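Observations on the model geometry
These are the residues of each chain, in order.
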Amino acid sequence: MTTHLLEVRDLGRQSEGTWLLREISFSLQTGKLMVVMGPSGSGKSTLLRMLNRLDEPSSGSILLDGVDITTLPPQSLRRRVGMVMQSPHLFPETVADNIRFGPLQRGKQLSDEDVERLLSQVGLAGFGERSIKKLSGGEAARVSLARTLANEPELLLLDEPTAALDEAMSREIEALIAGLLQENGYTAIWITHHVEQAKRLAEQVLLLDQGRCKALGGVELLQQDSSIHGKMG
Amino acid sequence: MIHYITQDPLWVRIFQASGTMLLVFLALFVAHRFGIKLLREGGLALLRGLLQVVGVGLLLVAVFRGPSWLAPIVLLCMMGIGTQIASSRVHKLPRTRTIIFSSILLSVGVSLVLTLALGIIETRSTAMIPIGSMMIANAMNTISLALERLQGEIKSHTGQIEAALSLGASPAQAIAPMIQTAVQASLIPRIDTMRSLGIVWIPGLMTGMLLGGEDPLRSALYQFVIVALILGVGAFASLSAVLMLRPALFNQAEQLLEN
């Protein structure tokens, strides 16, 4: 029997009289990776922000493991639904401070070994005491990922985690995240602009256009819909 | 030079005020030539200040001669006007008027009651009103600085606040660094005042006491009491304002509201 970790029903968000996203429905099985694609302003980030409850839906519902997320305490929900933002937005001072931040909010102090293990996962072993000011873009992106993973989320939301990186670094981080998702069996939603990246990653695809669902299906959608190639860049 | 023209003390003061205003206008005009557009705002503030202080002088004559219960009413009015001025600087933040008034009332009220009870300040109107007004003005400035800084910090660190929320932090935890920065920044001028007291400047109250023939040591100690009080009131006012504002920056779902 397949279990759906996430179910989204008729989800919509309106802001200042404009629908940013409307009538979005999909479900995501545990352990699967869904790629969300769409042109700028199509509502991709809005969708992730609602799943993490940084924004409130104007219509519809989101069920996490069968439970409406509005009935869950926001802090507990956000720990379970981890989000890696487009920009790392690291906190001062050290890398280790960032890794410890999430667990510390619920009174859990990560040991030095825990921090090192998480940093090793993202290829930054020995970086714990380094100041965040001395990190490159790629290193900051890795710290941001490790910081989210420290909360042991059930669902991982990745908002264009490689968008700010150059091509080579982007491929490196993509391979790293994809490997981690596969090894740990994470359920994840990954926003990307790159069709080729989507093809490499996706098990399930949601195409958005002007805030609406244009198509929902398997990776074959990316092969069929030739208009995607022109629109996503 | 003024004394050659008139010996009337009131006219002497009017000449002094006019001379000072000319000096300020000259400074504002020079600044204007360098593209610093303060001529209108600065000029209006100067005229407003003159009219207000003369008005208050006339009012105080009546208050000092009247019953003692008039003093708290005058102070409450000053708090109301202080609230209006401070809130105009941070009008985009929610519930600012209520928060600023409550913070001034709380910080000045508690400090006044304590200092009156301990006998640090005398209960007569001639002591309570000028010292109370200094507390109110400084509370107003400190709150204004704190809220303005907090507004700026939130704007420039929205991503960091939301990153903290997305990791399961409570609103209070997510915004704690911005609150600390805002309160610290608001108190820097007060701390600098305390550090430079007597060395860089001799404040108005002490100057007035010295000119009035008071003993320098007693004047100095009294001035210290007032500056220390102002620092204490400022710290209390600034902290209470940002803490009162904090819940209004987030909604029930612990989402950061746009400000």
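Each value, and the rule that gives it
- Residues numbered from 1 in each chain as written.
- Chains lettered and ligands numbered in written order.
- Predicted model: local features only at pLDDT ≥ 70, side-chain atom pairs only at ≥ 80, totals over all residues.
- Heavy atoms only, no water.
- Helix = DSSP H or I, 4+ residues; strand = E, 2+ residues; numbered from the N terminus.
- Buried < 20%, exposed > 50% of the residue type's maximum accessible area, 1.4 Å probe, protein only.
- Contact = heavy atoms within 4.5 Å.
- Areas by Shrake-Rupley, 256 points an atom, 1.4 Å probe, with all protein chains shown as cover.
- Lys, Arg positive; Asp, Glu negative; His and termini not counted.
- Charge placed at Lys NZ, Arg CZ, Asp CG, Glu CD.
- Domains from an automatic or database assignment.
- Buried area = accessible area lost by both parts, 1.4 Å probe.
- Salt bridge = Lys/Arg side-chain N within 4 Å of Asp/Glu carboxyl O.
- Polar contact = N/O pair within 3.5 Å; in protein donor to acceptor, adjacent residues only side chain to side chain.
- Nonpolar A, V, L, I, M, F, W, Y, C, P; charged D, E, K, R; others polar.
- Patch = residues over 30% accessible without salt bridge, like charges linked within 9 Å, V, L, I, M, F, W, Y side chains within 5 Å.
- Pairing = 2+ DSSP bridges.

Some details on the overall build of chain B
- Of regular secondary structure, chain B possesses 10 helices and 0 strands.
- In chain B, the succession of helices and strands from N to C terminus is α-α-α-α-α-α-α-α-α-α.
- Taken along its principal axes, the extent of the C-alpha atoms in chain B is 75 × 55 × 35 Å.
- Out of the 259 residues in chain B, the part that is buried amounts to 37%.
- In chain B, 68% of the contacts between residues at least 6 apart in sequence involve partners at least 24 apart.
- For chain B, the accessible surface area stands at approximately 14500 Å², while carbon and sulfur atoms represent 68% of it.
- Here chain B contributes 17 positive and 11 negative side-chain charges, whose respective centroids are spaced 7 Å apart.

A look at the domain arrangement of chain B
All names here are of chain B.
- We note that the domain assignment places domain 1 (1-65) and domain 2 (68-249) within chain B.
- Inter-centroid distance (C-alpha atoms) of domain 1 to domain 2 is 26 Å.
- A buried area of about 530 Å², summed over both sides, lies between domain 1 and domain 2, and 80% of it is on carbon and sulfur atoms.
- Viewed at the interface, domain 2 and domain 1 are joined by 0 salt bridges.
- The tally of links between domain 1 and domain 2 comes to 0 residue pairs in polar contact (both at pLDDT 80 or more).
- Residue composition of the side of domain 1 that touches domain 2, grouped by class: 3 nonpolar, no polar and 2 charged.

Re the interface of chain A and chain B
- If you look at the interface, chain A gives 22 residues, while chain B gives 15 residues.
- Buried surface at the junction of chain A and chain B, both sides included, amounts to about 1700 Å², of which 53% is carbon and sulfur.
- When the buried surface of chain A facing chain B is broken down by residue, Gln75, Arg78 and Gln105 of chain A rank first, second and third, together holding 32% of it.
- Our count for the chain A to chain B interface comes out at 1 salt bridge.
- Linking glutamate 162 of chain B and arginine 49 of chain A is a salt bridge whose minimum nitrogen-to-oxygen distance equals 2.6 Å.
- In this structure, the connection of chain A to chain B is made through 9 residue pairs in polar contact (both at pLDDT 80 or more).

Quick word on a nonpolar patch on the surface
All names here are of chain B.
- On the surface, a nonpolar cluster with roughly 710 Å² of combined accessible area is contributed by Tyr4, Ile5, Leu10, Trp11, Ile14 and Phe15.
- Contributions of two or more residues to the nonpolar patch are made by helix 1 (2-5) and helix 2 (9-33).
- Among the elements that make up the nonpolar patch, the one with the highest residue count is helix 2 (4 residues).
- Tracing the backbone shows tyrosine 4 in helix 1.

Describing the pattern of salt bridges
Residue and element names in this part refer to chain A.
- The tally for this structure, following the rule as stated, stands at 16 salt bridges over all chains.
- The closest approach of N and O atoms between glutamate 7 and arginine 9, which form a salt bridge, is 3.5 Å.
- Judged by relative accessible area, which is 26%, glutamate 7 ranks as partly exposed.
- For arginine 9, a relative accessible area of 42% translates into the label partly exposed.
- Close ionic contact of glutamate 196 with lysine 199 constitutes a salt bridge, the shortest N to O distance being 3.6 Å. Taken together, the positions of glutamate 196 and lysine 199, both in helix 7 (residues 195-201) and 3 residues apart, correspond to about one turn of that helix.
- Overall, the relative accessible area of 46% leaves glutamate 196 in the partly exposed class.

Some details on the sheet that holds strand 4 (residues 59-64) of chain A
Residues and elements named next belong to chain A.
- Here 4 strands make up an open sheet; going across it, the order is 2-1-4-5 and the pairing antiparallel. Every interior strand has two partners, whereas the edge strands, strand 2 (18-29) and strand 5 (67-68), have only one.
- Where strand 1 (residues 4-15) lies against strand 4, 5 bridges are found, and the strand directions are antiparallel. Each bridged residue has a counterpart across the sheet, and for arginine 9 the counterpart in strand 4 is serine 61.

Regarding unusual backbone geometry
- Between proline 92 of chain A and the following residue, glutamate 93 of chain A, the backbone shows a cis peptide bond with an omega angle of 10 degrees.
- Positionally, glutamate 93 of chain A belongs in the loop between strand 6 (81-84) and helix 3 (95-105).
- Phi at histidine 89 of chain A is positive, roughly 45 degrees, even though this residue is not glycine.
- Even without being a glycine, arginine 95 of chain B presents a positive backbone phi close to 50 degrees.
- Mapped onto the secondary structure, arginine 95 of chain B falls in the loop between helix 4 (70-89) and helix 5 (96-117).

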